[in-house]
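Residues per chain, in single letters:
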Amino acid sequence: MVEHGDIRVVHCGGSKINFRDPVITHDSRFLLCASGEAVKVFSTSTEECIHELRGHTGLVTGVLLRPSNHLQVYSSSLDGTLRLWDFTDGILIKVGQRFQLVAVHLPQSGDQMVEAQELSAVLSGVNPNPAAIAFGRGVRTCRHKDNKKGGWNTFTCVACHPKDDCIATGHEDGKIRLWRNFNHKKEYTYSTLHWHHSTVSSLCFTPEGTNLLSGGVESVLVQWRYNQESERDFLPRLGGAITHITVSPDGSLFCTSHSDNKITIIQSCVKVSAVIQGLVKGDSIRTDLMMDPRSKALVLNGKPGHLQFYSLQRDKLLYNLDIVQQEYIHESGLQQFEVVKAAFDASGSWLATVEERHQKAAELELNLKLWAFDEQTQSFVLNTTISAPHDAQITAMCFCQPTDSQTTLLVSTSKDGHFKAWQLAAPAHTEGPSWLCDFVSAYHGLVPECCSFSADGSLLAVVFQEVVTVWSPSTWELLTTLSQPPGAVSDLCFGRLSCSKYLLGTTASNLLCWNLLTCSLEWTTSMDVRRLVADPLSENMAAFCYQSGSTDLFVFKPSEPRPLFSHKAVCSGKVTQAVFAPREEMLESCEESSQWLNRSQLYFLTQQMVNNISTSAEEKQNENVAMTPFYLLLGKHRQQQQEHQDSDSSLWAERTLLQTPAHVLPSTSYLCSMFVQSLLISVSDAREEKAHAEEEMESEKEEEDSEEEMESSRSKPELAAAAATESDTPALTKAQARELRRVRKLDHSWLAGLLDS
Amino acid sequence: MASFKPTKIQVYPKLGEKVTQDTLYWKNYKAPVQIKEFGAVTSIDFSPVTPHNFAVTAFTRIHIYGPFSQEPVKSFTRFKDTAYCGRFRSDGQLLVAGCEDSVVRLFDVSGKVALRLFKGHTKAVHLTDFTSDRYQILTGSDDYTCRLWDIPNATELTTYTEHTDYIRCGVTSKLNRDLFITGSYDHTVKLFDARVEKSVITMDHGQPVESVLLYPSEGLLVSAGGRHVKVWDLLKGGQPLVSLKNHHKTVTSLALSSNGQRLLSASLDRHVKVYNTTNYKVVHNFDYAASILSLGLAPDDASIVVGMTNSILSIKHRKNQEDSKEIAGQQRRRPSYRVFVKGKNYVPKQDDYLVSKPVKEHLAKYDKQLQRFNVSKALDTALGTYIRFRKPEITVAVIKELDRRGTLKNALAGRDERGLSQLLNFIIGNLVDARFTPVLVTAAEMILDIYQSVIGQSPVVDRQLLRLQDLVKREIEFQKDLLEVLGMLDTMFASSLPRKEVPCSGIATLDWV
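Read on for an overview of the structure. Owing to the predicted nature of the structure, the values given are computational and were not obtained by experimental measurement.

Conventions used here
- Numbers given for residues are sequential positions, taken from 1 along each chain in its written order.
- All chains are assigned letters beginning at A, and all ligands numbers beginning at 1, according to the order in which they are written.
- The model is predicted, so local features are restricted to residues of pLDDT at least 70 and side-chain atom pairs to those at 80 or more, both for listing and for counting; the totals for chains, interfaces and linings are taken over all residues.
- Think of the side-chain values as coming from all heavy atoms in the structure, minus any hydrogens and water.
- Classification of ring pairs rests on two measures: the distance between centres of Phe, Tyr or Trp rings, Trp counted by its six-membered ring, which must be within 6.5 Å, and the angle between planes, read as stacked under 30 degrees, edge-to-face over 60 and tilted in between.
- Segments assigned H or I by DSSP are reported as helices when at least four residues long, segments assigned E as strands when at least two residues long, and all are numbered from the N terminus.
- Relative accessibility decides the category of a residue: with a 1.4 Å probe and only protein chains considered, values under 20% of the type maximum give buried, values over 50% give exposed, and everything between is partly exposed.
- Two thresholds decide whether a charge sits over a ring: the Lys NZ or Arg CZ must be within 6 Å of the ring centre and within 35 degrees of the ring normal.
- Two strands pair if DSSP finds at least two bridges between them.
- Throughout, an axis means a line fitted to C-alpha atoms (over the contacting stretch in the case of helices), and angles, computed between N-to-C directions, take values from 0 to 180 degrees.
- Patch building starts from residues that exceed 30% relative accessible area and form no salt bridge, then joins like charges within 9 Å and nonpolar side chains (Val, Leu, Ile, Met, Phe, Trp, Tyr) within 5 Å.
- Only the protein chains shown count as covering a residue, and every accessible area follows the Shrake-Rupley method with a 1.4 Å probe.
- Salt bridges are defined as contacts in which a side-chain nitrogen from Lys or Arg sits within 4 Å of a carboxyl oxygen from Asp or Glu.

Here we come to the packing of aromatic side chains. Following the criterion strictly, the structure yields 30 aromatic pairs over all chains and no others. Centroid distance B:F76 to B:F107: 4.7 Å. Interplanar angle 35°. Geometry classified as tilted. Here the residue B:F76 occupies a position in strand β5 (residues 72-76), and B:F107 occupies one in strand β8 (residues 104-108), the gap between them amounting to 31 residues. Of the two residues examined, B:F76 and B:F107, each falls in the buried class. Here B:F118 and B:W149 contribute two aromatic rings whose centre-to-centre distance is 5.5 Å and whose plane-to-plane angle is 55°, an arrangement assigned as tilted. One end of the pair, B:F118, is in strand β9 (residues 114-118); the other, B:W149, is in strand β12 (residues 146-150), with 31 residues separating them in the sequence. Taken as a pair, B:F118 and B:W149 share a single burial class, namely buried. Linked through ring pairs, A:F419, A:F439, A:Y443, A:F464, A:W471 and A:W476 together constitute an aromatic cluster. When the ring centre of A:F337 is taken as origin, the NZ or CZ atom of A:R357, which lies over that ring, is 5.9 Å away. Over the ring of B:Y25 we find B:R318; its NZ or CZ atom is 3.9 Å from the centre of that ring.

See the structure below:
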C-alpha cells in the first residue's frame, strides 16, 4: 500500500451557478453569483469571469451587496460563516461566524442599515413550500399559505413592490396574484394575472416599480406593466426553465438564471445581451466523458438534445452543439429526445452521436448521426442521419482508432443483440461521402454490452454478457472468444503501446486481464471496478473501485503486477465518469509515483463538480497568470518597474524629498532623520524592519476585527476540538488569545487525515 | 435567444435511377425527329467531313441527310433490290453500297449514277467498306467470301474464303491499309492481313456476329452478336477482355462516342445502352419504340440516329449552349432575386455604426401554426391537398412533431366527417409505406381511441375503417410470409458457416487491496 502525499484531488470547476439568484452591482458592470464554494464575479458585458472569491469551505448559499458600501458584498455559506468581500479586487475583508446559513436577505432601502445588519443574521428559509418570507418596507411579513387559500394553489415565489403597498405572489397553477393594502389587516384585495401554463418560479419588480418580471418552466421571460396588466412583453426560448430573476439596482439590466446552469443578461429593452453558461449536468450523464481531440475540450451531454464542449483549463463552456435540431418544448412530463451516446474518432474529424426518445406504448425512436468537422466554420456539420440504426437501445459505440489508416469505421452495439459496423462510403457524383452499414453480426443471441478497438485497429473486441469476442475488422471474421465466468463484463479496453497485447475487462467483482497472444487470462484481481480508463498517451490505466461508501483509485500498467499509484477514498460516493486529458506540455516529474501524470491529467466527475488529480508542483504553476499577450506587455513593464525600484531604492528618501510638492511635505525635522537614516543603514535591513512594522500593525487590526467575532464563533463545530481545552478558562491574556488565533489559522487537514486513516 | 427551429422534414432517398454526370449528358438531347423510310433501316453512316451528312440505307434506297434538314439532301435509288451498308470514303467524296443482287455499287456523292459496278459475288453483299488508302474496297457477302477490289480498274484483287457462313459485318483499319476485320455467322471474327492474304487472328464470339467495331487506337475490338457484346484485345493476339450481357435480345449495332469514353450498343430489345469504357458498366439507357437495327453517332455526339425495323428513322439532336443560355436569360429577367440580395454583400466601413436587425426567417405555414401552438390548424395545413398528395413526407413529419409535443391527440380530435375521412384516406394511402408506418400506426390507433364512440354514425367513415382493417390484415400476412423466408435463409446461411475451437488456459490472481 503506497500513499502519496503530493498527489491530491483538486476541484477544477463545473459547479452550479444557478443555485441562488445572482446579484448585479450598482454600476451594472459586474454580476456576482454563488458557485459551489466560491463566489464568482462576472463582467456583464464580456461574460468573462473576473474574480473568484474563494475562502468558504462549504456551499455558498447567498450573495448580497452591502447597502452601505456598494463595492462590498456579503456571502453566506453552509460552513457557517458570513464573509464580506471587496469584489472589485477580490479581497476578503471580514469573516463572521454564524450557524449554518441557508440564505441572506436584506431590504434595499437605505435608511435601515442597522436593521439590515441584524437581519442578515436571521436564517431565512426560502424553501417556499409551505412558507415564504417577504421583506416589505422593513416590515417582516410572514404568511403561510393556509391563511389565504386552499391547498392547491401553493405559492412558489413572492416579490414586493418597491414603492406601493403591493406584494406579488407566483403560484403553482401558473397564476400571479397581486395583493394590495397588505398592511391593513384583513382589508387586502388581490388581482390575478395569468399567462404561465405551469408554475411561476420567479418574480421580480423593477426598481422603479413600473414593471413586473415573471418566469417559469416555459423559459419565457414575461414583462408585465404595473397597473396596465394587459400589456406584456415576451422574451421566449431563453434556454432551460427560469429559476431566478434579478434586476440591477438601476433597472438597466435584468438577469435570469436557468435550470441548465446558465445566467442570461437581458437589457431592459428585452434583448439578450450576454449569456454566462456553466457546465450543464442533466439528470444523468448518458454519454460518457470524452475529450475532443481538436479543442482538448471535455465533451458530454448537456442541455436536452445538445452536446456541450467544455474547456477544463478555463472552466468555461466553449459551445453547445445542437444534435437533435428540434424545437424544445418546455413541458414537464414530455418525453424528449436525449443524446445518449457520442464518440469521436482519433483525429477529431468525425463525431458520432446517438439520440433516442423512449415513449410509453410507442416504439423507441433512435437516430444515429454522423458529424464531420468543417475546417472553415470550425464546427461540426451534420453528414449522415441514420434513423433507426438498431431495433433497440444502443449500448456502446466506438470508432476505429488508428490515425494513419484511410478507412474510418464505426461500430455500434445494441440491445437487439446485434452489433453493426458503419463505414464511410465513396462519394457519389452529386453528394459528398456518407455513411453506410458495412457489417452486421450477432453472437448466440446474447446482448452486446460494450466494444473496443485495439490501438492499431486490427482487432475489435465485443462483449456479449459473459463472453468477450474478438473480431478482425478487415475480414469480419470471429477470431476467438474469451470468457471468465462468473459475471457479465461491463467495461473493456485494450492496452496501449508496449501493453497492446493485453485486453482488460471488468466484471462486478473482478478486474480481468487477458493476454491476446496466448488467448488466456493473464491475471485477475478482485475489486468492484466502476470505471476503467486508459491513458491515450501511455500504457497506464486508471481503475475507480467502489468500496464501502467511497471510491478508490488505482493506476497500473497491465504488464506489471503492482499498481503504480493507489489512492484510497478519492471521494465519497461512486465515480462512474472519468477521462484522461492530454497535457499541453509534458511535465518533467522524476518522482516515480507521479510520473503517470506527466503526459495526461486525470479528470473525474462527482455529483457536484469536475475534479482533477494533480501534483503539488503543478498547483504552483496553476497560480501563475495565463500568458496572454496583454500579460506579456504589462508583465514586462511591471518587471522593469520593479527592477528600477530595487536598484535605486536607496534614493527613495531623496526622491520623496525632492519630488513631493513642498506644501504637502511633513516637517523638516521628521524628514531629516529619515534622510540621514537612508544614507546610513543598509537597505535590506530598513526594508525588513518596515515590513515587520507593517505586519505588526496588520495583526493588531485583525485582532480588533476578530474581537467581536469571538462571541459568535464559539458554536462552530469544527473548532470544538481545538478550542475544547481553552473553553474552560474564560479569561485569556492578550498574548494567549493571539496564540490561539494563530493556531486556528493553521491548516487542520493533517489532523483530519490522521483521524480518517 | 434562439430562434424557432422548424419541423425537420425527413429526406428520403429517391427511388429509381440516380442522377449522374452521364445521365445529365445523355439526357441533354432534344425531342427526336422521326422520319418514315421505305423499309427497315439497316445501316447508318456519318460522313467523316463536315457538315457530317449521314447516309441511311433503307430498302432499295440510300438517303443522305444533312445535319439539320428533315428532308434528304440526296438519294440514290438505282438499286435493283434491297441495298445494304452504304459507307462514305474517308474524304466524304465517294459512297459504296452492297445489294441483295450481289452487285456492289460505287457512287459519287454529288452524282446520281453509279461510277463503278463490282460484280463477282454470287449472293447478297451485306458488308462494304473502303480501305484506309482510299483505293480499294472491302466487301463481304452471303456466299461466305470477302473480297478486296481495286477502285480505278473495278477489278477483284483477292478473295478470302476462310469463313464458313454469311459475312454480315466488318471494318477496315484506319491506320493500316492492309488490315481488315470481318464478322460472320460462323461465330468467328477474323482479322485479315492483305500482305499475307489470309487471316492472322481468329476470335470465337460464340454467337453469329452482327457488328464489329474498332477503337480509334485500334488496340481493342468490340464485337456484337446474340445477346453479347465482347471486347477483344488485339495487341494480345485477340484475347477476350470483357463480355457484356446487358440486352435481352440480339445486339445489332455498335457505336463509340466521339471521345472514346463511352460505348453504345443497340439491340432488337428496343434499347440503346451506354457503357463506360473504363469499367464497362452501363451508365445510361435509351428506350425506343421498335427493335433497332442500326445506330449512328455524329462526331462530338451532336446527334444520335437510330434506324428501326418499323422503317422509322429517329434523330436526336443535342441541345446547344445557346438554347440553355436563353432559358437562363429568361430567369434573370425576373426582378425578385435582385431585390432580395440588394445590399447583402455590402461591407461596412470602419467607422460605420452597425445597427443589427433581426433576420426575418421564413417559416412554412404549418411551422408558424406550430410556433403558436395551434396544433389542429397545423395538422389541417399539413393535410392540404397539395402536400397530402405530392409531399406526404411533410404531412408525416408534422404528425410526428405533434406526437413529440404530446399534442397529437388534441390535433386529431374534434373533426367532422369530411375532415376525418380525409385523414383516414391519407392514412390508408400511406400506412404500408415502410418509411411512414411507425408514425401513422400511432396516429391510427389514436383515431380509433378518440372516435370509437361515434363509429356507426357515418357510412363513409365506417367504410374507410373497414378498408383500413383489411389493409392491416393483409400487411400482417405479408410480414409473416417474409419472416418465414428470412428464417429459411438464416438456417441455410448458418449451416454453411465453419466451426471453430476456442483455446482456454490458466490464470494468475493478483491482490492489490
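All names here are of chain A. One open sheet accounts for four strands, arranged β44-β45-β46-β47; its pairing is antiparallel. Each having just a single partner strand, β44 (529-534) and β47 (565-572) make up the two edges of the open sheet. Taken pair by pair, the neighbouring strands of this sheet meet at an average axis angle of 20°, ignoring direction. Across seven bridges, strand β45 (residues 541-547) lies against strand β46 (residues 550-556) in antiparallel orientation. Along β46, the bridge assignment pairs M541 with F556.

This next bit is on a nonpolar patch on the surface. Judged by side-chain polarity, B:L483, B:V485, B:L486, B:M488, B:L489, B:M492 and B:F493 come together as a nonpolar surface patch covering roughly 720 Å² of accessible area. With respect to the helices, strands and loops of the structure, B:L489 is situated in helix α11 (residues 459-496).

With that settled, the discussion passes to the pattern of salt bridges. Per the counting criterion, the structure on display carries 27 salt bridges over all chains. For A:R237, the salt bridge goes to A:E327, with nearest N and O atoms at 3.3 Å. Taken together, the residues span a long stretch of sequence, with A:R237 in the loop between β19 (228-235) and β20 (242-247) and A:E327 in the loop between β27 (316-322) and β28 (338-344) at a distance of 90 residues. A:R237 gets classed as partly exposed once you look at its relative accessible area, which sits at 23%. Residue A:D322 pairs with B:K5 through a salt bridge whose shortest N-O separation is 3.2 Å. Linking A:D322 in strand β27 with B:K5 in the segment before α1 (21-27), this pair reaches from one chain into another. Residue A:D322 is classed as buried on the basis of its relative accessible area, which comes to 18%. Here B:K5 falls in the partly exposed class, since its relative accessible area comes to 24%. A single salt-bridge network, built from bridges that share partners, covers A:R357, A:E365, B:K400 and B:D403.

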